[in-house]
Amino acid sequence: MSQDNKKVLLQVDNLKKYFPVRAGVFKRVVAHVKAVDDISFKVYEGETIGLVGESGCGKSTTGMTILRLLNPTDGRIVVDGLDTTPLFLPKTRANKYIHEIYISRFNELKNKYKSEDEVIKNLKDDVDKKYAKIYFEKGSHGLHHEMLSNINEKRKWFRRNMQIIFQDPYSSLNPRLRIRSIIAEGLFTHGLVKSGAEATEKIKDLLEKVGLSSEYIYRFPHEFSGGQRQRIGIARALALNPKLIVADEAVSALDVSIQSQVINLLEDLQKEFKLTYVFIAHDLAVVKHISDRVAVMYLGKIVELADKKALFDNPLHPYTVALMSAIPIPDPEYKKKRIILQGDVPSPINPPSGCRFHTRCPIAKDICSKKEPPLVDMGDGHMVACHFAGQFKG
Amino acid sequence: MNEEYKRALRKFYKNPSAMFGLILLIFFILIASFAPLLAPPQIPIDPEIENMESMINQLSETKDTSLIDDLTSSFSDYYDFTYGFYLDYADDVKKLEKALKNYQANKNEENLKKLIDELTPLTEDYVLDTSYLENIQNNLNDTKKFNSALKDLENGVKAFLSKATNAEKMKKELDEINSKNSSVDEFLPAAKKYFKDLKSNYIKDLHYDPYLMPIVTYENTPQPPSKEHPFGISNGRDIYYGVVWGTRTGFKIGLIVVITATIIGLFIGSISAYFGGWVDEVLMRITDIFMSIPFMLSAMVLTTVLGTGLDKVMIAMIVFGWMGSARLIRGNILQAKNDQYVLAAKALGVKDSKIIVKHILPNTIFPVLIQASMRIGSMVITAAVLSFLGVGAPQGYADWGSILNYARNWILGGTGGAFEYWYTIVYPGTAMVLFVLAWNLVGDALRDIFDPKLRG
Amino acid sequence: MKDPILKVNNLHTYFNTEDGEVRAVRGVSFEVHEGETLAIVGESGSGKSVTSLSIMRLLDENGRIAEGEILYKGRDISKIPEDDMRHIRGKEIAMIFQEPMTALNPVFTVGDQIIEMIMLHMGMDAKAARQRAIELLRKVGIPEPEKRVDQYPHELSGGMRQRAMIAMALSCNPKVLIADEPTTALDVTIQAQILELMKELQKEYGMAIIFITHDLGVVAEMSDKAAVMYAGKVVEYGDIVSIFKRPKNPYTWGLMQSIPKLNEEVERLMSIPGTVPNPRKFPKGCGFSNRCFLAKEKCKDEMPELIEVEPGHYSRCFYIDELVKEVEKSRVGEK
């Protein structure tokens, strides 16, 4: 499949999310937890991208930051060609962001190329091109206006199109609300229904869609099992007819026999509603089953990103290789060599220098602790961040 | 909700200690509401009035005309003694009122002089209190105090005149009686009406407070339970009366203090949690400071500053009693803020204010309310301790702590043995223990029912 | 063949709750020999954890072993007095838990807790016990055991804590080790370390391991035998290869078909409809009857017996033959 003629729905550029660590009487910031540290990836319309990694690798934080339930420390989040980063920032930070990311950069480029057209021609990124045109036509005020006018509508548009399904089916539904109120909340917030009766009809429809009886509409969450609650959570996200859904460990807390029901449901809904998924999970087998492309994360970085088949048939990063070999295969006669990684994942407060995996890597050399390997394309969109990519096969 | 509600009720019914608590509580509520029947307040009646009453009764029975003269003379005497005075000076006071109005309409030296001229003879005759005059003359230069003195005077005059009007009415009635003294049948209804008015005026002027335990004997040592005083007598006061009316005091203290303190706490705690940052920091440090002050000490200081009295005690307990709920609600909100359903609502684009009202508060407020219900009992203990230390309810107030305070000197018993005066402690003490127990049991049961973690 | 070290016979464990008696375990039997690993597989509410707690006699106050026997070296430990049980617990049968943080006391150092166990059960003096504790920590792969022995549980990472927990369980050379989801809370790379460690230790000490898990991958990797539990009963029991290769129970087969596998690619996962049954209201007949694609009227009313379908392989189902046909069909379809 060629990715060039597919539409980019979500583009994440150099995303960083640091959490301050405070200590002492005055709650001084003494360090930062670098949960997500400079990651970039694109999500194409209609695909499922899997984010895998162990606990503390920043996969959930990435999901929450994309959805703007957390504000990014740095970086850009573009949805459907629209830079949504400044939409949820405080006003001063939003203005500073626009100035830093666009205006000052465009000015520098203009000095370099001496011509506005040359600048636009030399910009690689479509989003950059779009905003450069606006800047050169309407000036800095015009760019600010373009990005920050009608901010409430833009925010609503963003919320309507970007939804989330949570891991814990128990704490993700307000225990004091009926199913109808839980699902109706989004419908009313976005004015998608005109009357209560219309909402009820729509909610009954949604419940049937996610495989629940429409008679359940007036029940409370505690009357349902874990799998059923997860379906309700899916219905809540689906109610807004979103384009992209972030599924944050959406099946991890479910019983084995229920997991496959929910996975199948997610696949069916994707076909029916042309959904795009960002599927966050620690279970490699589940990710392999559901995703089209997979990004492997380690300590806040993407170490490998490729088409599913390429990644699982030919993993290039030693961490990916080790991760795959560590997963027990439910077949007693399947023999394989297992790579046991030594030690624990280091703390994201003070990550190792150079390549973050070098402390546990079986093929680490001197250079690994000194120079950080960039994420480079090894062909066919198989991206990997390793100095010795493909040299470790287990 | 119906199913859940039924389940909660069933849980409550099945819990014997909760039922016990509930029954105790209902028992106390009944006692409090029927206190006037269980322990009728004994209004101290003037012997003169008692005498009149018995004469009227006798008259209606015997129709003995000779009693008519006795009664009319009693009425007249009583009238002269109680009301005559007001009528005698009514005109003078009216003149004063006019002078006062003149002055207020036109504040000049001349009018003031006239006002003082009118006032002086009245105070000299002790018709009005001398303080009225003094306050005006001493504060000629202080506008604020002067105005309040004028206001006082105005009220004093008004009160005097209303009494005079009443006296006039009584005089009319008395005249009517005097005109009808020829026949018993005509006299009796008029006399009865007059007596009724007279008695009600008397009770009104007495400012009788049923919460004051009546003094039944001037004997200082406690008296053991008897037929008239089933719980005995302590400090000359009827313990039974005190225990019954003390139930009302208990509810009053518990409910008012806890409700007010909880509202304050909820307000401060939720502001703190919602705004976060330095607002949170400042409010929580203030809370810390309040918490680090020893409660008893500060409550004692505050009641000493404000003066004794039940309302002052309650103010002190509110001022030093809101921190618990503030902290609890803050913690709960901070926790709920990160609950996934709150994040989900945020992801749906729901407004912050709506998230708080719809998602956060309903899930955080119950523990606070339950904790509050459990604190109602302990508030009564605190108030009792303050009373026991002598900074609580005023002397003679029907309050369990005060009754226990009386027992302080008798705790060790007397010549008759160590437990000679047991009743001075056992009855009010038992009432207090049961009251606290009732609230705690009910609060415990509520917590068990509403804790979502324990829900199936 | 030697006698099994632990044999559970028709175990019933009931709990008294406000909603009446909950029959969490309704007749479970299995046996495990020295040096052997038995996996108890099941989903939430299947009764697998209650079974393990029953063996350890660590049930909550409202729970009781209503019926059946637990034979340790031929002696029924289900009814012996608590005092005698205390000598067996820890010394003869040890247990490790899913979340080591709840099983380790946070106010004592890791060393203190191991030393206490050793002194209690082995009668060593403090110095010798400390030496042994350090030795054990080294054995379970904790680096710098001399230093770690004086650290508190919260100073260790999740994987290290689980290792310390294992060291504590092994401190008295138990004959049986019950591991209740010991790797569920861990990351896969750490899980791999712990599983490897347990295998090595088993080889060295020769104890029997009862491995409780819901992860079929871990079962295939670790165990020799498996007991698949559903709705408080064992539905399939036998050696691991015959269960995985020739499943004879629709639940086991459904479960295996519904999980995505790393070594296979399927277009669509098979899924078991319905929800995991709540122990408060198990179906009347076969526990799986309301979700089973083979279920007929009979299944709803009657509970099938556990029958031996091939030597050492048992299944609880009325329609095993139909199932075998279905399995054959799908195997052909795959190829």
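Residues numbered from 1 in each chain as written. Chains lettered and ligands numbered in written order. Predicted model: local features only at pLDDT ≥ 70, side-chain atom pairs only at ≥ 80, totals over all residues. Heavy atoms only, no water.

Undergrad: Help me out: how do you make sense of the domain arrangement of chain B in this one?
TA: Interface extent is often summarised as the accessible area lost during association of the parts. As assigned here, chain B comprises domain 1 (2–39 + 230–454) and domain 2 (47–206). One C-alpha centre belongs to domain 1 of chain B, the other to domain 2 of chain B, and the line joining them spans 46 Å. (Domains from an automatic or database assignment.)

Undergrad: Can you walk me through helix 1 (residues 48–56) of chain C in this structure?
TA: Residues and elements named next belong to chain C. Burial runs high along helix 1: seven of the nine residues are buried. Among all positions in helix 1, only K48, V50, T51, S52, S54, I55 and M56 are buried. Taken from the residues just after helix 1, R57 is the one with a positive phi, measuring 55°. (Buried < 20%, exposed > 50% of the residue type's maximum accessible area, 1.4 Å probe, protein only. Helix = DSSP H or I, 4+ residues; strand = E, 2+ residues; numbered from the N terminus.)

Undergrad: How should the packing of aromatic side chains be read in this particular structure?
TA: The relation between two aromatic rings is expressed through the spacing of the ring centres and the mutual angle of the planes. The final tally for this structure, using the stated rule, is 35 aromatic pairs over all chains. Residues F318 of chain C and Y319 of chain C carry aromatic rings whose centres are separated by 6.3 Å and whose planes lie at 70° to one another, so their mutual orientation is edge-to-face. Exposure remark for Y319 of chain C: the relative accessible area of 14% places this residue in the buried category. One aromatic cluster is present, formed by Y97, Y102, F106, Y131, Y135 and F136 of chain A through successive ring pairs. Lying across the ring of F312 of chain A, K288 of chain A places its NZ or CZ 5.5 Å from the centre. Lying over the aromatic face of Y211 of chain B, K252 of chain B brings its terminal NZ or CZ to 4.4 Å of the ring centre. (Phe/Tyr/Trp six-rings, centres within 6.5 Å; stacked < 30°, edge-to-face > 60°. Lys NZ or Arg CZ within 6 Å of the ring centre and 35° of its normal.)

Undergrad: Looking at this model, I keep getting lost on the nonpolar core. Mind explaining?
TA: Across soluble globular proteins, nonpolar side chains have a tendency to be buried as a group. If you look at the biggest cluster of nonpolar residues, it comprises 75 residues, and the most contacted ones within it are I183 and F279 of chain A. The greatest single-element share of this core, amounting to six residues, is contributed by helix 9 (residues 256–273) of chain A. (Core = buried A, V, L, I, M, F, W, Y, C linked by side-chain atoms within 4.5 Å.)

Undergrad: Can you walk me through the interface of chain B and chain A in this structure?
TA: Counting residues at the interface gives 22 residues for chain B and 27 residues for chain A. Summed over both partners, the interface of chain B with chain A comes to about 2300 Å²; 54% of that surface belongs to carbon and sulfur atoms. For chain B, the biggest contributors to the area lost against chain A are Q340, A347 and L348 of chain B; these three give 29% of the whole. Inspection of the region where chain B meets chain A yields one salt bridge. The residue E185 of chain A makes a salt bridge to K358 of chain B at a minimum N-O spacing of 3.7 Å. Here chain B and chain A share eleven residue pairs in polar contact (both at pLDDT 80 or more) between them. Counting only elements with at least two residues in the side of chain B that touches chain A, the list comes to helix 15 (340–347) and helix 16 (352–388) of chain B. The leading source of residues in the side of chain B that touches chain A is helix 15 of chain B, at seven residues. By residue class, the composition of the side of chain B that touches chain A is twelve nonpolar, five polar and five charged. (Contact = heavy atoms within 4.5 Å. Buried area = accessible area lost by both parts, 1.4 Å probe. Salt bridge = Lys/Arg side-chain N within 4 Å of Asp/Glu carboxyl O. Polar contact = N/O pair within 3.5 Å; in protein donor to acceptor, adjacent residues only side chain to side chain. Nonpolar A, V, L, I, M, F, W, Y, C, P; charged D, E, K, R; others polar.)

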